[in-house]
Amino acid sequence: MSGPFRLGPPADGGGAIDRSRSLAFRFEGRRLTGYPGDTLASALLANGVRLVGRSFKYHRPRGVFTAGSEEPSALVELRSGAHREPNTRATVAELFDGLEAFGQNYRGSLRFDLLAANDLLAPFLSAGFYYKTFMWPKSFWEKVYEPAIRASAGLGRLSGAADPDSYDKGFLHCDLLVIGAGPAGLAAALAAGRSGARVILADEDFVMGGRLNAETHEVGGRAGAAWAAAAVRELASMDRVRLLPRTTAVGAWDHGVYAALERRTDHLADAGGKPRQVLWRIYSRRAILAAGATERPIAFGGNDRPGAMLAGAVRAYANRFAVAGGRRVGLFVNNDDGWRTAADLAAKGVEVAAVIDVRDRAPLADLPGARIRMGERVAATWGRGGVKGVELATGERIALDCLAVSGGWNPNVHLTCHQGGKPAWRDDIAAFVPGGRLPPGMAVAGAAGGALTTAAALAEGHAAAAAALGDLGIAAATGDPPGASDEAVEVSPFWHVRESRGRAWLDLQNDVTVKDVVQAHREGFRSVEHLKRYTTLGMATDQGKTANVGALAVMAEQTGKTIAETGTTVFRPPYTPVPIAAFAGRARGRDFQPTRLTPSHDWAAARGAVFIEAGLWLRAQWFPRPGETHWRQSVDREVLQTRASVGICDVTTLGKIDIQGRDAAEFLNRVYANGFAKLPVGKVRYGLMLREDGICYDDGTTARLGENRFVMTTTTANAVLVFRNLEFARQCLWPGLDVHLISVTEQWAQFAVAGPYSRELLGRIVDPHHNISNEAFPFMACAEVSVCGGTPARLFRISFSGELAYEVAVPARYGESLMGALLAAGEDYGAVAYGTEALGVMRVEKGHAAGPELIGQTTARMLGMQRMVSKKKDCIGNVLSERPEMNREDGLELMGFRPVDRADELAPGAHFLAPGAEATMANDEGWMSSVAWSPSLGHSIGLGFIRNGHARIGETVRAWDAVRGRDVPVEIVSAHFLDPQGERLRG
Amino acid sequence: MIIDHPLLGPRDAAEFVILGDASLIDRPDWQAEDAAQQFHDYLHLRDNPAGEHRELWFHEQGDRSWLVVTRNTLTHEVLKVELARDVAVARGRDR
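All of the points below concern the structure found in this document. (Residues numbered from 1 in each chain as written. Chains lettered and ligands numbered in written order. Predicted model: local features only at pLDDT ≥ 70, side-chain atom pairs only at ≥ 80, totals over all residues. Heavy atoms only, no water.)

1. Some words on the sheet that holds strand β34 (residues 647–650) of chain A
Residue and element names in this part refer to chain A.
Consideration 1: Taken in spatial order, the six strands line up as β41-β42-β43-β40-β34-β44 in an open sheet, and their pairing is mixed. Single-partner strands in this sheet number two, and they are β41 (782–787) and β44 (832–833).
Consideration 2: One ladder, built from four bridges, connects β34 with strand β40 (residues 748–754); its direction is antiparallel. Residue pairing in the sheet places Cys649 in a bridge with Ala752 of β40. (Pairing = 2+ DSSP bridges. Helix = DSSP H or I, 4+ residues; strand = E, 2+ residues; numbered from the N terminus.)

Spelled out as structure tokens, the structure:
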């Protein structure tokens, strides 16, 4: 027998535990044992452990209160080290051999918590205490008050280490999703499964059956739990039914999409490398919510002591786990259902000390030895560390060690509200039921809809499935639902005991009392949403599942409104807590987003390249050589060697779009600001793209490979956006044009070959029958060629570096070998590979605008390209690019800047000021957008925008940089630092 | 959210990118006398209805169709899904 409170095995085996094997576990370091089938909570109760944790605010001793996911009190830390998981509900933690758990929120020891003194300060710690008290001095909040409050109030501790477990996400599709595997859910799943529908049955428990496992009801002539087990076996045998135990449907989204968290390996000592939890996205054509109901307590003095539990939970521990909640159990109820706890316990030989029913009516049962008190109320409890007895409003004292409380049952309406539905109040069961508009496709069955008896649950589940099958056009082969009893469920609304002595607790998780709600009302917090935020009622891990309705009732009492008029706070996903790790799934660390590799990546990595992220891409930034100790040494060498000889750079990341059709030229003419209609076949043209508001947003080159065939390049950053915009223009603006687009960014590897020896080098790569002489293949020429003995390729004579340069493209699979072939062919010229840093230096030296210049505020005029924007054609952005403010003569212009003292270093982001001018917005003349140290010139250079720049060449201004504390005199020069006439690239 | 693609059937909204009001199809005539004003209105003035709204969605992780989705912004109900190209042609944009 594992623990003094374990009930002896009767003839039927006694509950759903496996007594043939015992499991060893530790709580607060103490060695205990339990059985397979136990939760941590049932095993603790079996061992007589009543004190499980300390409360959030007052550090009151707390114990197990429920037997399910609604648990407000028994929060524990599970496991140890980096695996430590705080705020786990002991009531849903499945016991395994070697489990380690600790209580929470105490200092010193759980039994003698040093912070329990907070409880003595309770008169000062009521609702709104923090807001009112810690207001001044203001500077004390961050440094003194908040750390102190955080240390004393709170829940469990995080491990502080990265989560070593893995999590996953998955997608499931079904005809019918059934949420909850109690009587209603099982009846629904059986009806749908037998009809051949694709069914998913999800239940948060590790044993399906819901309340049938916790009750002694009969279904179809046998024990309810046995019927449930048989139903699950039948469902498991069906190919088109998927059972998801340990899976909580946490939210209902649009159009039949549900999120569900499956705890895959939480119940195992070792996950064996498998994911701990899986977050499912379930696409359902129809869904049946059979989520059952949650019992609610009654508030009275000292109702939070360990040993005070919900009556249904005490029954579940006895019937399912064979655990007695105490040696002498009392009942405090306002409804018929609570009496069943007394009957079930008595039948198992547990002493029932008393039944106190607030209803003044005849007793429902004869319980020998029990004091039956009808029309009576419990006003207080006593007992240090746990209930030792209760005192009634009449003053009568009854010794007992477990008080089972039932205030009625609240249907679990949560998921019905996730799409804006508002629950409706039903007087006959004194509870909210689903109301208004349900999420489309959802039906509710059983207790979740307010049908609180087993027979009704079975019938409703069955009927809801039949209706769903009808909607889906699936022929129903459902048969009849099994018969069961219609239990007595009469309830008389009763929320809190006025005669309470001591604090009467509404929300055990947040330490909110009846008095706090009354005070909130007195201070003007009338709306339930305000009440929630002011008192913290219904917050944290349980979201007030056992607390909210009671608090609403107290508020309604204060305002003189009905509960229906008072309404509930909004129910939002998730239904129960979901770890952030589950939302992340595998998308964490390096896998947070996909990584795109260039065709030459492995080649570059093998040569020690340093990589940089460019969007999703990893690009070689520079290629260090032995002896180079600073990145500038590598970059300077790559620049100088390219300009002196030849350099090669992987530029595959540029967006490439294949554009074909009879109207392709006209299409380009409309999407580029400059003209493309007359671009000859075999030629490339630089193109500038505007947004419709006239601002420049991208540029690139487009080559005409044939009469009706073009290939466009975009910047790396905008490849996706440009393609999206082109498709918009093609489909939505000019659907009459015959043009088709496809992205070929990843289909073609492309390399820049730049430098005075680039033609010679390419002469060794391009197959000899292609003439690439300057005459036959001049600047801005393009052609489809073959390289390396027959490999198809495209050759473009374009230059970003300002040198004689080409770009050569081959199908991506040849990219890596072409990189090697190019370097090998240029070995005797001293060919170098260069990275993005050298690319950037050379483009600044040449004065090309790039990302730092195209910032969403840049006009064509600012770039000196106003004449390119054609006025003779319709193109995106041209109408609004003519707005006067964008074309002012004294507007910003892209210029070059060099330090007057060549030893000075420039910095991007500096603002330009006249000599002697104060640094004010009014004196701001522009800004430095890009800088580089030019190895070609031997000093720092910059590009930037300055007012009326071209008219001011030679003028000295200051590059004022408040961030770095610099103020550098700079001379305004042409942006083209090198070869302003462009002789090199035409050579 | 599910969008019932006219060519591909029901697809998850995660496959799409939303642009906004379908009135962006009605690009003004660049040669109109008050073209600047028309383009200003076209670009910047939108209705923001609580209820039925026609929106442009791009099936970026799919077949790259632009769609006009008629959607109730209060209930998220999708009332109609059309190929934007068909809508544009019906509005005479192919001439």
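2. Description of the interface of chain B and chain A
Consideration 1: Counting from both sides, the interface comprises 32 residues of chain B and, opposite them, 31 residues of chain A.
Consideration 2: When the two sides are added together, the surface that chain B and chain A hide from each other amounts to roughly 2600 Å², 60% of it contributed by carbon and sulfur.
Consideration 3: Three residues, Arg27(B), Trp30(B) and Trp66(B), lead the burial of chain B against chain A; their summed loss comes to 25% of the area buried on that side.
Consideration 4: Applying the counting criterion to the chain B and chain A interface returns four salt bridges.
Consideration 5: Salt-bridge contacts for Arg281(A) lead to Asp12(B); the nearest nitrogen and oxygen are separated by 2.7 Å.
Consideration 6: Seen at the junction of chain B and chain A, the total is 14 residue pairs in polar contact (both at pLDDT 80 or more).
Consideration 7: Only β3 (17–21), α1 (35–44), β4 (52–58) and α2 (84–90) of chain B provide two or more residues apiece to the side of chain B that touches chain A.
Consideration 8: Among the residues making up the side of chain B that touches chain A, the classes are represented as 20 nonpolar, four polar and eight charged. (Contact = heavy atoms within 4.5 Å. Buried area = accessible area lost by both parts, 1.4 Å probe. Salt bridge = Lys/Arg side-chain N within 4 Å of Asp/Glu carboxyl O. Polar contact = N/O pair within 3.5 Å; in protein donor to acceptor, adjacent residues only side chain to side chain. Nonpolar A, V, L, I, M, F, W, Y, C, P; charged D, E, K, R; others polar.)

3. A few points about the side chain of Asn510(A)
Residue and element names in this part refer to chain A.
Consideration 1: Here Asn510 shows up in the loop between β29 (505–507) and β30 (512–513).
Consideration 2: A distance of 3.2 Å separates a polar side-chain atom of Asn510 from the backbone oxygen of Thr536.
Consideration 3: For Asn510, the residues in contact, after removing those within four places along its chain, are Phe56, Thr536, Gly538, Met539 and Ala540.

4. Observations regarding the pairing of β40(A)
All names here are of chain A.
Consideration 1: Of all seven residues in β40, seven are buried, a share of seventy percent or more.
Consideration 2: Here β40 shows a buried face lined by Trp748, Gln750, Ala752 and Ala754 and a second buried face lined by Ala749, Phe751 and Val753.
Consideration 3: Across seven bridges, β40 lies against strand β43 (residues 805–811) in antiparallel orientation. Within β43, the position partnered with Gln750 by the bridge is Ala809. (Buried < 20%, exposed > 50% of the residue type's maximum accessible area, 1.4 Å probe, protein only.)

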